[in-house]
Amino acid sequence: MPPSQSTQPQPQSMVSAWAQQAQASPLLSLGLLAALLSLLGLLCASAWNAVYGSHQENLYFAMLGGLAGFAATALGAVMAVVLRDISARSQDVMLGFAAGMMLAASSFSLILPGLAAAREITGTGPFAALTVVVGMGLGVLLMLGLDRFTPHEHESTGPCGPQAERLSRVWLFVLAITLHNLPEGMAIGVSFANGDMNVGLPLTSAIAIQDIPEGLAVALALRVTGLSSLKAALVAIGSGLMEPLGALIGLGISTGFAIAYPLSMGLAAGAMIFVVSHEVIPETHRNGHQTSATLGLMGGFAVMMFLDTALG
């Protein structure tokens, strides 16, 4: 008899893995599709205005804001080379501080200005609130879908997403960092959509400040995977490029027509709040430093509230 052939299953393609994920979560897949189609429509409607129309100066400020986030991430990554050993408690406090700033920025620099802009457009409070809430829902759907369909890795739960086991831990971390930085860049772009420095400046300052401990923490996490200090810093610096790219996307989706501005403010806020709750806070609590991390979060929230008042 001929020898029995191996029945070991062959590795799936990424497309097949995505199809299986879509079949397993049809409602989430439809939600992600709706969010992506909404983003595509807003981008198509606003691309000309953002580049060639009356928003060229806003494009300049949005790019500067995105580059500021990139530079802050790079600074934190370089600090990881100099500061060889940082305690887990200190890392959790810094990440908690960053989370607090992101929460405050979402509230004071995105949701509240979005509500004010929506009220001017719609003329009523309930419709204004509904506009921002719909935007927040789109942001959550976008991040949920990316979290489900993009292979990445969390320190607490390990590899997530389709075909995650086929990627090295380094690239899983890089993809997770990309998911984290994209909504921050989008928030910067949206904040400059109307050319209002009272909105854009405090939010960009807050994101840049909290990007420093984030870049540091990311580089340290990459060192745990076995990368040298220099390589970990370079990868963390590269991840910061999502900030200016996200700023372009955020500006584009918010400048097509009037209602797109408050809708995009809600979208960016929803995406950032999702990242804080889903990624950052669990990361700061997994080592048993909940109290220290929470105090850091409160400190970050207070600093951002001060910046919003002083600069806005």
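Scroll up to find the structure.
Per chain, residues are indexed from 1 in the order of the written sequence. For a predicted model such as this one, the threshold for reporting local features is a pLDDT of at least 70, and the threshold for listing and counting side-chain atom pairs is 80 or more; totals across whole chains, interfaces and linings nevertheless cover every residue. The side-chain values count all of the structure's non-hydrogen atoms but skip hydrogen atoms and water molecules.

K.L.:
Which residues make up the nonpolar core, and what values go with them?
P.N.:
The definition of a nonpolar core used throughout is a set of buried Ala, Val, Leu, Ile, Met, Phe, Trp, Tyr and Cys residues joined through side-chain atoms within 4.5 Å. For every residue, the accessible area (1.4 Å probe, protein chains only) is compared with the maximum for its type, and the residue is labelled buried under 20%, exposed over 50%, or partly exposed between those bounds. With 38 residues, the main nonpolar core has L110, A187 and L203 as its most contacted residues. Secondary structure is summarised from DSSP: a helix means a run of H or I of at least four residues, a strand means a run of E of at least two, and numbering begins at the N terminus for each. Looking at this core, the elements with two or more residues in it are helix 3 (56–82), helix 4 (88–122), helix 5 (125–149), helix 6 (169–191), helix 7 (197–224), helix 9 (242–254), helix 10 (260–285) and helix 11 (290–311). Of the residues forming this core, the biggest block, 10 residues, is contributed by helix 10. When sequence neighbours within four positions are dropped, the list of residues in contact with L110 reads A105, A187, L203, M265, A268, A269 and M272. If you look at the next biggest cluster of nonpolar residues, it comprises 10 residues, including A77, L216, A233 and A236. Residue contacts follow a heavy-atom distance rule, with two residues in contact if any of their heavy atoms lie within 4.5 Å.

K.L.:
Can you break down the packing of aromatic side chains residue by residue, with the values?
P.N.:
Only rings of Phe, Tyr and Trp enter the pairing, Trp through its six-membered ring, and a pair is recorded when the two centres are within 6.5 Å. The plane angle decides the type: under 30 degrees is stacked, over 60 is edge-to-face, the rest tilted. Counted by the stated rule, this structure contains 3 aromatic pairs. Their ring planes at 65 degrees and their centres at 5.7 Å tell us that F108 and F301 sit as a pair that is edge-to-face. Of this pair, F108 sits in helix 4 while F301 sits in helix 11; the two residues are 193 residues apart in sequence, bridging distant segments of the chain. Judged by relative accessible area, F301 falls into the partly exposed class, the value being 25%. Among the aromatic residues, those joined into a ring-pair cluster are Y60, F61 and F192.

K.L.:
Which residues make up the packing of helix 4 against helix 10, and what values go with them?
P.N.:
Any two packed helices are characterised by the angle at which their axes cross and by the distance between the axes. One way to put it is that helix 4 packs onto helix 10 with a least axis distance of 8 Å and a crossing angle of 160 degrees. Our classification of the angle between helix 4 and helix 10 gives roughly antiparallel. Between helix 4 and helix 10 lies a crossing whose hand is left-handed. Gly counts as polar in this scheme, as do all residues outside two lists: the nonpolar Ala, Val, Leu, Ile, Met, Phe, Trp, Tyr, Cys and Pro, and the charged Asp, Glu, Lys and Arg. Here the residues of the contact of helix 4 with helix 10 sort into 20 nonpolar, 5 polar and 2 charged. In this analysis, axes come from line fits to C-alpha atoms, helices being fitted only over the stretch in contact, and the angle between any two N-to-C directions falls in the range 0 to 180 degrees. Roughly parallel means an angle under 35 degrees; roughly antiparallel means over 145; roughly perpendicular covers 65 to 115; every other angle is labelled oblique. Take the far helix as the reference: if the near one is turned anticlockwise from it by less than a right angle, the crossing is left-handed, and if turned clockwise, right-handed.

K.L.:
How would you explain helix 10 if you had to name every residue and give the values?
P.N.:
With 26 residues, helix 10 extends 36 Å from end C-alpha to end C-alpha; this agrees with the ideal 38 Å at 1.5 Å per step. We define the bend at any residue as the angle between the axes fitted to the seven residues before and including it, ending there, and the seven starting there. At V276, helix 10 shows its maximal kink, close to 35 degrees. The element helix 10 is extensively covered by neighbouring structure, given that 19 of its 26 residues are classed as buried. Multiplying 1.5 Å by the residue count of a helix minus one yields the expected span of that helix.

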